[in-house]
Amino acid sequence: MAVGQLHAAARRPHRAGAIAWLKEAASKEGQDLFNPKKGSIPARKDADRGLYKGYLEYALNEWTRPDIRLAGSFWHGVTANKKWHTDIDTAVGLFLQSRDVGKLQAALVEAAKNSGR
């Protein structure tokens, strides 16, 4: 799972415009306009489900199932800290060059040991 966020910069030159954009983007109408085009599902529970087709319909249904436990996104820093992520990325990069599964496994084990978790 990756959760997108909308931010207003601390030193924004047009504060009122930034706040207006955030309000629009977070509104039901804003979410229903933005998300289907972006290929994501809304954070809001009152979305117009009829706008979300194919995979987005499936994802929205899964997101709202009480029996589903969501897993955090490795690539977005939810399940691995920065060092661990970097070490895994390096191990995979080296594996793609060498195709040595044993070295990949050893590097992944070492990355986990050194992660601080």
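Procedures and definitions
Numbering of residues starts from 1 in every chain and runs along the sequence as written. Under the rules for a predicted model, residues below a pLDDT of 70 receive no local features and side-chain atom pairs below 80 are neither given nor counted, while totals for whole chains, interfaces and linings still include all residues. In computing side-chain properties, one takes all heavy atoms of the structure into account and sets aside hydrogens as well as water. Runs of E in the DSSP output that reach at least two residues are strands. Runs of H or I that reach at least four are helices, and both are numbered from the N terminus. Think of it in three bands: residues with accessible area under 20% of the maximum for their type are buried, residues over 50% are exposed, and the middle band is partly exposed, with areas taken using a 1.4 Å probe on protein chains only. In what follows, residue pairs with any heavy atoms lying within 4.5 Å of each other are defined as contacts. Here the open area of atoms and residues is found with the Shrake-Rupley method and a 1.4 Å probe, where only the protein chains shown may cover a residue. Counting rule applied: Lys, Arg positive; Asp, Glu negative; His and chain ends not counted. Where a charge lies is defined by one atom per residue type, namely NZ (Lys), CZ (Arg), CG (Asp) and CD (Glu). Axis angles are defined between N-to-C directions and span 0 to 180 degrees, where every axis is a line fitted to C-alpha atoms and, for a helix, only to the segment in contact. Angular relationships are summarised with four words: roughly parallel below 35 degrees, roughly antiparallel beyond 145, roughly perpendicular across 65 to 115, and oblique for the angles in between. By definition, the arc is the one covered by directions from the helix axis to the C-beta atoms. Polar contacts here mean pairs of N or O atoms no more than 3.5 Å apart (in protein, one a potential hydrogen donor and the other a potential acceptor; neighbouring residues in sequence count only if both atoms are side-chain atoms). One less than the number of residues in a helix, times 1.5 Å, gives the span that helix is expected to have. Residue-level confidence of the predictor, termed pLDDT, takes values from 0 up to 100. Residues are sorted three ways: Asp, Glu, Lys and Arg are charged, Ala, Val, Leu, Ile, Met, Phe, Trp, Tyr, Cys and Pro are nonpolar, and all the rest, Gly among them, are polar.

Undergrad: What am I meant to see in the overall build of the protein chain here?
TA: In terms of regular secondary structure, the protein chain is built from five helices and zero strands. Along the chain direction, N to C, the helices and strands of the protein chain fall in the order α-α-α-α-α. On the principal axes, the C-alpha backbone points of the protein chain span a range of 50 × 40 × 25 Å. Taken across its 117 residues, the protein chain has 22% of its residues classed as buried. Restricting to contacts in the protein chain with at least 6 residues of sequence separation, those with at least 24 account for 23%. Summed over all atoms, the accessible surface of the protein chain reaches about 9000 Å², with 58% contributed by carbon and sulfur. Between the averaged position of the 19 positive side-chain charges in the protein chain and that of its 12 negative side-chain charges there is a distance of 6 Å.

Undergrad: Is there a simple way to explain the environment of Ala-91 in this structure?
TA: Note on placement: Ala-91 falls in helix H4 (residues 82–98). Distance in space between the C-alpha atoms of Ala-91 and Ala-111 is 8.4 Å, their sequence separation being 20 residues.

Undergrad: What's the story with the side chain of Ser-40 in this structure? I'm lost.
TA: Along the chain, Ser-40 turns up in the loop between helix H2 (28–38) and helix H3 (55–63). Among the residues examined, Ser-40 registers a relative accessible area of 15% and is labelled buried.

Undergrad: Help me understand the packing of helix H1 (residues 15–26) against H2 in this model?
TA: Helix-helix packing is described using two parameters, namely the angle between the two axes and the distance between the axes. Across the interface, H1 lies against H2 with an axial gap of 4 Å and an inter-helix angle of 75°. In terms of their interaxial angle, H1 and H2 are classed as roughly perpendicular. Of the residues in H2, those in contact with Glu-24, Ala-25 and Ala-26 of H1 are Lys-28, Gly-30 and Gln-31.

Undergrad: Is there a simple way to explain H3 in this structure?
TA: Every α-helix winds through 3.6 residues per turn, so residues three or four apart in the chain are directed the same way. All buried positions along H3 are accounted for by Leu-56, Ala-59, Leu-60 and Glu-62. All buried residues of H3 project into a common sector of 165° when viewed along the axis, lining one side.

Undergrad: Would you mind going over the side chain of Gln-31 with me for this structure?
TA: Checked against the element boundaries, Gln-31 lands in helix H2. Among the polar contacts listed, one links the side chain of Gln-31 to the backbone oxygen of Ala-25, at a separation of 2.8 Å. Beyond its immediate sequence surroundings of up to four residues, Gln-31 is in contact with Ala-25, Ala-26, Pro-36, Pro-42, Ala-43, Arg-44 and Tyr-52.

Undergrad: I'm lost on helix H5 (residues 101–113) in this one. Help?
TA: Under the 1.5 Å per step criterion, the end-to-end length of H5 is 18 Å for 13 residues, consistent within 8% with the ideal 18 Å. In this structure Asp-100 caps H5, since a side-chain oxygen of it lies 3.1 Å from the backbone nitrogen of Gly-102.

Undergrad: Please clarify how the confidence of the model for the protein chain should be interpreted in this entry.
TA: Close reading of the predicted structure is inappropriate where its pLDDT is low. Looking at the protein chain as a whole, the pLDDT averages 88, with 91% of positions reaching at least 70. Mean pLDDT across the elements of the protein chain ranges from a minimum in H1, with 87, to a maximum in H5, with 96.

Undergrad: Is there a simple way to think about the packing of H4 against H5 in this case?
TA: At a closest axis distance of 9 Å, the pairing of H4 and H5 adopts a crossing angle of 175°. One way to sum up the angle between H4 and H5 is to call them roughly antiparallel. For the pair H4 and H5, the contacting residues are Trp-84, Asp-87, Ile-88, Ala-91, Val-92 and Phe-95 in the first and Val-101, Leu-104, Ala-107, Leu-108, Ala-111 and Ala-112 in the second. Its residues placed into classes, the contact of H4 with H5 shows eleven nonpolar, no polar and one charged.

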